[in-house]
Amino acid sequence: MAKKALILVADGTEEMEFTITYDTLVRAGVECTSANVHNGGSPYGSVGTSPALVVCSRGVKILPDTTLQPLEAGPDRYDALVIPGGLKGAEALSQSTEVQTLVRQYHEGGKIVALICTLAAKTAGLGHQPVTSHPVIQNELTTLYDYREDTVVVSNEVPGKGTLVTSLWSTGTVFPFAFKLVELLCGKAKSDEIRGPMMFPPGVPYP
């Protein structure tokens, strides 16, 4: 049975972090669903699309698969919850009580929580464990977590909880982040398999 991933998106989400992750997972056979966590700020919400268009950080407009319905988005339906970054999008997603609840549910349910925006781990109150993040929010995390400067950090250190995956340098580490998600969901052989046709530079390491 194919693995399934729920990828959240909001106005201000970084478009590369969303699209590269989504695309890479689909190439590996993961069934991806993008869900708009609508914050009411989009000037395009009134054009009649359903769900509403999301305006990303550089102005790219994305039509998500659905609008987030928390009761239909739980860990009983998906194997991974993915939250891309982008300053305004990260703030909107991390401050959403619905998103905070989902992050806790996935983590407590033994599923994968994958964050390029590590702020969501903080606002959801996830336990002390290894993480990384964009340097701009490092100071907000060092007292709460075991902060590391690795490209991608995978944590299984909270007993009885799920896997937390965090990424360091925003757009610069999206591919390693996505490859690691494929490895966790589908195995390393599948991750290695999709790298070839993507012509990802063989000398560039990924965790």
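Residues numbered from 1 in each chain as written. Predicted model: local features only at pLDDT ≥ 70, side-chain atom pairs only at ≥ 80, totals over all residues. Heavy atoms only, no water.

The protein chain goes by D-lactate dehydratase in an unreviewed UniProt entry, where it is assigned to Paxillus rubicundulus Ve08.2h10. Of the comments in the UniProt record for the protein chain, the one headed Catalytic activity (unreviewed entry) reads "methylglyoxal + H2O = (R)-lactate + H(+)". (UniProt positions renumbered as here; feature names shortened; annotations may be inferred.)

Trainee: Where do I start with the overall build of the protein chain in this structure?
Mentor: A count of helices and strands for the protein chain gives seven helices and 11 strands. Rg of the C-alpha trace for the protein chain: 16 Å, near the compact-globule value of 17 Å for 207 residues, within the 12% margin. Along the first, second and third principal axes, the C-alpha set of the protein chain runs to 45 × 40 × 35 Å. Residues counted as buried form 51% of the 207 residues belonging to the protein chain. Here the analysis covers contacts within the protein chain between residues at least 6 apart in sequence; of these, 63% occur between residues at least 24 apart. Summed over all atoms, the accessible surface of the protein chain reaches about 9,300 Å², with 52% contributed by carbon and sulfur. One way to put it: in the protein chain the 16 positive side-chain charges average out to a point 2 Å from where the 21 negative ones average out. (Helix = DSSP H or I, 4+ residues; strand = E, 2+ residues; numbered from the N terminus. Rg over C-alpha atoms; globule rule 2.2 N^0.38 Å. Buried < 20%, exposed > 50% of the residue type's maximum accessible area, 1.4 Å probe, protein only. Contact = heavy atoms within 4.5 Å. Areas by Shrake-Rupley, 256 points an atom, 1.4 Å probe, with all protein chains shown as cover. Lys, Arg positive; Asp, Glu negative; His and termini not counted. Charge placed at Lys NZ, Arg CZ, Asp CG, Glu CD.)

Trainee: How should I be thinking about the packing of aromatic side chains in this particular structure?
Mentor: Per the stated rule, a full pass over the model turns up two aromatic pairs. Ring plane angle 35° and centroid distance 6.1 Å describe the contact between F175 and F179, whose orientation is recorded as tilted. Within this pair, F175 and its partner F179 are both found in helix α6 (residues 174-186), separated by four residues, close to a single helical turn. Classification of F175 by relative accessible area gives partly exposed; the value is 29%. For F179, a relative accessible area of 0% puts it in the buried group. (Phe/Tyr/Trp six-rings, centres within 6.5 Å; stacked < 30°, edge-to-face > 60°.)

Trainee: How do you make sense of the sheet that holds strand β6 (residues 80-83) when you look at a structure like this?
Mentor: Sheets are built from strands that pair by backbone hydrogen bonding, the pairs being arranged parallel or antiparallel. Overall, mixed pairing links the seven strands, which are arranged β5-β2-β1-β6-β7-β11-β10 in an open sheet. Every other strand in the sheet has two partners, leaving β5 (66-67) and β10 (152-155) as the edge strands with one partner each. By the bridge criterion, three bridges tie strand β1 (residues 4-9) to β6 in an arrangement that is parallel. Bridge pairing links A5 to A80 in β6. (Pairing = 2+ DSSP bridges.)

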